[in-house]
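Residues per chain are reported as follows:
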Amino acid sequence: MTQPAFGPLSGLRVLEFGQIAAGPFAGSLFADLGADVVKVEKPDGGDDMRHWPPISEGERGPGYSENFASVNRNKRSIAVDLKDPAQVAGLRKLCEKVDVIIENFRPGVLDRLGLGYKTLSVASPKLVYCSINGYGHTGPYASKGAFDATVQGISGVMSVTGETDGPPVKCGVPIGDFGAGLYAAFCITAAVLQVKQTGRGAFIDCSMLAGLLGIAALQTSEYFGTGQTPRRLGSAHPRAAPYQGYQASDAPFMIAAGNDKLWHEVCEAVGMPQLKTDPRFETNTLRANNQKELEKILQPVFATRTKAEWIAEFDRRGVPCAPINTYPEILNDPHVQFNRLVRDMTLPNGRRTKTVAFPMKISGYEFNVYRQPPELGEHNEEVFAEWLGGS
């Protein structure tokens with residue numbers, strides 16, 4: 001598999017000093033859209049995610065991490081010992097040939113190696129350098145270690161996740177890591193456009209904490225507007241009802257009646273038209289304030305029919321609804337299959353597996369896995385020869 005000759009980001013060179021999730025995910029977004037992304041790894045074991053299960057065995061080599069493969073497809077890998085001054089000097093030359101650097105070390109680590117933005121931008125003023133970190137390069141927490149779970153805790157996300165009477169719960173998807181990766185990719189793309197206009201690159205300080213505060217706009221604005229602390233509501237919504245999960249006779253499902261028209265459809269569907277004029281439920285605000293009472297009325301009715309029957313009924317009435325799927329269910333869903341959101345991928349050891357495609361469609365570009373996830377240091381000679389002209 002070779003580098004595509006086209007793609008929205010074709011021709012862009014990206015060097016990724018990425019570990020685990022946030023940096024590698026940001027790099028994968030560029031690689032999926034055609035950029036030449038080269039991953040820099042330590043020779044002894046590489047990115048720690050290479051050792052995360054599931055480890056799949058193959059016929060042509062040792063086991064390979066499917067977690068690692070999911071965010072490192074379409075990249076090349078070079079192994080460089082950052083403790084070896086000669087290798088670091090060679091890597092510094094490589095940095096002068098790139099458009100973008102993505103890193104997620106603790107602030108200051110690459111600076112001490114002469115691989116920070118201030119040093120590299122002297123020789124490469126057009127360089128776009130993105131540092132993904134827990135808390136940013138300035139402030140009291142700048143040197144504090146961070147993983148997704150700890151940043152979910154400090155950011156407030158866990159305080160609004162879980163059942164009302166239960167303890168705070170971590171989101172099952174690592175939104176701190178992947179949210180920072182998305183912000184990083186967006187900011188890098190904006191800075192690359194700026195380079196075309198001004199000839200000057202940029203340093204991007206992309207913290208996981210700031211990213212989680214950014215995507216919590218509804219919760220933070222609720223606090224700013226009311227002075228009230230946002231709270232855990234399980235699957236319910238703070239400003240609309242019925243807008244939550246209910247249990248059918250066989251399985252749970254979600255409905256989201258976010259306005260009066262949809263609420264009236266729910267009343268008809270459950271055979272209780274009198275609820276439309278019940279003073280407790282006449283407006284969205286009243287229904288949200290009295291949602292526990294509303295749940296006690298609706299839940300016994302929902303328990304009388306199957307999930308499929310209720311979804312068909314609400315779909316017929318235009319009320320947003322959905323099953324509460326497991327990942328095997330949604331990955332094999334006919335809509336997901338129709339849109340080719342799941343693709344085939346081959347690991348370096350020959351194991352055939354699957355991966356979720358770049359999820360958004362761009363006219364004129366068709367995503368594909370054009371390069372299998374790399375073996376550690378697989379492209380050392382190739383990259384140095386291409387980018388440094390054989391030196």
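All of these numbers come straight from a predicted model, not from anything done at the bench.

Turning next to the pairing of strand β12 (residues 342–346). As paired elements, β12 and strand β13 (residues 352–356) share 5 bridges and run antiparallel to each other. In the strand pairing of β13, R343 is matched with T355. Between β12 and β13, which pair antiparallel in sequence order, lie 5 residues; one of them, G350, sits at a positive phi of approximately 90 degrees.

This part is about the pairing of strand β10 (residues 252–256). Relative to β10, strand β9 (residues 243–247) runs antiparallel, the two being bridged by 5 bridges. Paired with Y243 across the strands is A256, a residue of β10. What sits between β9 and β10 in their antiparallel hairpin is a turn of 4 residues. With 3 bridges connecting them, β10 and strand β11 (residues 321–323) associate as antiparallel partners. Bridging across to β11, F253 finds its partner in P323.

Right, let's get into the sheet that holds β10. Strand order in the open sheet formed by 3 strands is β9-β10-β11, and the pairing between neighbours is antiparallel. Of all the strands in the sheet, just β9 and β11 have a single pairing partner and so form its edges. Mean inter-strand twist for the sheet, computed between neighbouring axes without regard to direction, equals 20 degrees. Contacts from helix α12 (residues 291–302) reach β9 and β10, with the element oriented near 35 degrees to β9.

Moving on to the state of the cysteines. All told, the structure shown has 0 disulfides when counted by the stated rule. We note that C171 lacks a disulfide partner, and the nearest cysteine sulfur, in C206, lies 18 Å from it. Between C206, a free cysteine, and C130, which holds the nearest cysteine sulfur, the sulfur-to-sulfur gap is 5.0 Å. Judged by relative accessible area, which is 6%, C206 ranks as buried.

Their axes nearest at 8 Å, the elements helix α1 (residues 22–32) and helix α7 (residues 175–198) cross at an angle of 45 degrees. Relative to α7, the element α1 lies oblique. As α1 runs across α7, the sense of the crossing is right-handed. Between α1 and α7, the residues in contact are A22, F25, A26, L29 and F30 and D177, F178, G181, L182, A184, A185, I188 and T189, respectively. Of the residues in the contact of α1 with α7, the class split is 10 nonpolar, 2 polar and 1 charged.

For G45, the position within the fold is in the loop between β2 (36–41) and β3 (55–58). You can call G45 partly exposed: its relative accessible area is 22%. Residues G45 and T220, 175 residues apart in the sequence, show an inter-C-alpha distance of 41 Å. Every residue in contact with G45, bar those within four places of it in the chain, is listed here: R50, H51 and L376.

Moving on, we come to the pattern of salt bridges. Taken as a whole and judged by the stated rule, the model has 22 salt bridges. Among the salt bridges present, the one from D36 reaches R76, with a minimum N-O distance of 2.7 Å. Here D36 is found in strand β2, whereas its partner R76 is found in strand β5 (residues 76–79), with 40 residues between them in sequence. We note that D36, like R76, is buried. Taking the shortest distance from any N to any O, the salt bridge between R343 and E366 comes out at 2.9 Å. In this pair, R343 sits in strand β12 while E366 sits in the loop between β13 and α16 (380–388), placing the two residues 23 residues apart along the sequence. With a relative accessible area of 42%, E366 lands in the partly exposed category. One salt-bridge network, in which partners are shared between bridges, spans E16, K39, D47 and K75.

Following both chains from N to C, one finds helix α10 (residues 260–269) and helix α13 (residues 307–317) inclined at 135 degrees, their axes separated by 10 Å at the closest point. Accordingly, the angle class assigned to the pair α10 and α13 is oblique. Taken as a pair, α10 and α13 cross one another with a handedness that is right-handed. Mapping the contact onto sequence places E265, V266, E268 and A269 in α10 and W310, E313, F314 and R317 in α13. When grouped by side-chain class, the residues that make up the contact of α10 with α13 number 4 nonpolar, no polar and 4 charged.

With respect to topology, 6 strands assemble into an open sheet ordered β5-β2-β1-β6-β7-β8, the strand pairing being parallel. Edge positions in the open sheet fall to β5 and β8 (202–207), since each of these has one partner strand only. Across the sheet, the mean angle from the axis of one strand to that of its neighbour is 20 degrees, orientation sign disregarded. Taken together, the 4 bridges between strand β6 (residues 100–103) and strand β7 (residues 128–133) define a ladder with parallel strand orientation.

We now examine α13. Those residues of α13 not exposed but buried are W310, I311, E313 and F314. All buried residues of α13 fall inside an arc of 160 degrees around its axis, so they share one side. α13 presents A308 and R316 as exposed residues on the side facing more than 90 degrees away from its buried surface. Where α13 is buried, its residues meet β10, α10, α12 and β11.

Definitions and limits used
Per chain, residues are indexed from 1 in the order of the written sequence. Note on the predicted model: pLDDT of at least 70 is required for a residue's local features to be given, and 80 or more for side-chain atom pairs to be given and counted; whole-chain, interface and lining totals, by contrast, use all residues. Working from all heavy atoms in the structure, the side-chain values ignore hydrogens and water. One bridge is not enough; two strands pair if DSSP finds at least two bridges between them. A helix here means a DSSP run of H or I that spans at least four residues, while a strand means a run of E at least two residues long, and both kinds are numbered starting from the N terminus. Simply put, an axis is a line fit to the C-alpha atoms, just over the touching stretch for a helix, and the angle between two N-to-C directions goes from 0 to 180 degrees. Throughout, a residue-residue contact means that at least one pair of heavy atoms, one from each residue, lies within 4.5 Å. Here, the term disulfide refers to a pair of cysteine sulfur atoms separated by no more than 2.5 Å. Throughout this description, buried means an accessible area under 20% of the type-specific maximum (1.4 Å probe, protein chains only), exposed means over 50%, and partly exposed covers the range between. Note on angle classes: values under 35 degrees are labelled roughly parallel, values over 145 roughly antiparallel, values of 65 to 115 roughly perpendicular, and the remainder oblique. Left-handed describes a crossing whose near helix is turned anticlockwise from the far helix through less than a right angle; right-handed describes the clockwise counterpart. Residue polarity follows a fixed list, in which Ala, Val, Leu, Ile, Met, Phe, Trp, Tyr, Cys and Pro are nonpolar, Asp, Glu, Lys and Arg are charged, and the others, Gly among them, are polar. Any carboxyl oxygen of Asp or Glu within 4 Å of a side-chain nitrogen of Lys or Arg constitutes a salt bridge here. Throughout, the arc means the angular range of directions from the helix axis out to the C-beta atoms.

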